[in-house]
Structures are given as structure tokens and as C-alpha cells.
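Chain by chain, the residues run as shown.
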Amino acid sequence: MKLKLNHKVYDVPELTFKHFTIMEEQGFSIIEAFQKGQMMLCSMGFVCAVVGCDRTEAEHLIEQHILGGGKLQDIINAFSKAVNESDFFKKMFSMNEEKAETETEELETEEAEK
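Below is a short write-up of the structure. (Residues numbered from 1 in each chain as written. Predicted model: local features only at pLDDT ≥ 70, side-chain atom pairs only at ≥ 80, totals over all residues. Heavy atoms only, no water.)

### Examining the pairing of strand E1 (residues 2–5)
- Only one face of E1 is covered, namely the one carrying Leu3 and Leu5; the face carrying Lys2 and Lys4 has none of its residues buried.
- Sheet topology places E1 next to strand E2 (residues 8–11); four bridges connect them, and they run antiparallel. Residue pairing for E2: Lys2 is matched across the bridge by Asp11.
- In this antiparallel pair of consecutive strands, E1 and E2, the connection spans two residues, and Asn6 shows a positive phi of 50°. (Buried < 20%, exposed > 50% of the residue type's maximum accessible area, 1.4 Å probe, protein only. Helix = DSSP H or I, 4+ residues; strand = E, 2+ residues; numbered from the N terminus. Pairing = 2+ DSSP bridges.)

### A closer look at the pattern of salt bridges
- A complete count under the given rule lists three salt bridges for this structure.
- Where Lys2 meets Asp11, a salt bridge forms, and the shortest distance between an N and an O atom there is 2.2 Å. For the residue pair Lys2 and Asp11, the accessibility class agrees, reading exposed in each case.
- The shortest N-O distance in the salt bridge between Asp87 and Lys90 comes to 3.9 Å. Of this pair, Asp87 and Lys90 are both found in helix H6 (residues 87–113), three residues apart, which corresponds to roughly one turn of the helix.
- In this structure Asp87 comes out as exposed when scored by relative accessible area, which is 55%. (Salt bridge = Lys/Arg side-chain N within 4 Å of Asp/Glu carboxyl O.)

### A short note on the state of the cysteines
- Under the definition given, this model contains zero disulfides.
- Cys48 carries a free sulfur, and the closest cysteine sulfur to it, the one in Cys53, is 4.7 Å from it. (Disulfide = S-S within 2.5 Å.)

### Describing unusual backbone geometry
- Although it is not a glycine, Asn6 adopts a positive phi angle of roughly 50°.
- With respect to the helices and strands, Asn6 occurs in the loop between E1 and E2.
- The class for Asn6 is partly exposed, based on a relative accessible area of 29%.
- At His7, a position not held by glycine, the phi torsion is positive, near 65°.
- In this structure, His7 sits in the loop between E1 and E2.
- Note on His7: relative accessible area 73%, which makes it exposed.

Given below as C-alpha cells:
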């Protein structure tokens, strides 16, 4: 898969633990951002991982992409596709969903016992 930013094409690798940590090094939880629909954060983290840059540079690249006529939706679509093609990311997202369901069930049980 490819990601085009500012007339430059980047190869998007299969997302792994390495890419997950690169995204989280930017100061936010990629899982929480994805679940909350914070696609600007997801896009920025994704660009960091694909391009190999820090948050400031990714923000600049995205801003220049949009100012140059590019669409944020193209980055979001590439991120979503990369997540869906990554065994590691699919597992991380499903583990977090299972954890949230377990925590909800535990809270409901505690409430019922009171």
C-alpha cells in the first residue's frame, strides 16, 4: 500500500509493534484515539510511523498536504486500511475491546451487589 503526501509517495509497511510504539511515543493512546474517532491524532501518529518523523514534522506534513489540495480523508483511509491488514493491530484493538467489556461487566456486578 502507498501513502501520498505532498506529491511524495511513501510505502506503508505492515503495521507492527514497532509502529504502535512510534505512534504512542507522540503522547497519546492510539487505541483510545481510534475508539473516540480522533482521526486527526490517528493521522498524525500514522504519518510519524510511515514517514519516520516526529509529531511536529508529521503535523507540518499533514498541514502542507491539506493546504496543497490533498485530503485528510486519504490519510485516514490509508490508516484504516493498514490497521485492517495488520494482524498485530487487529489483535491490539480486539484485546482492548475485550478488556472494556470485562470492566463493564465487573462494574455491573459491583452495582448489583450494592
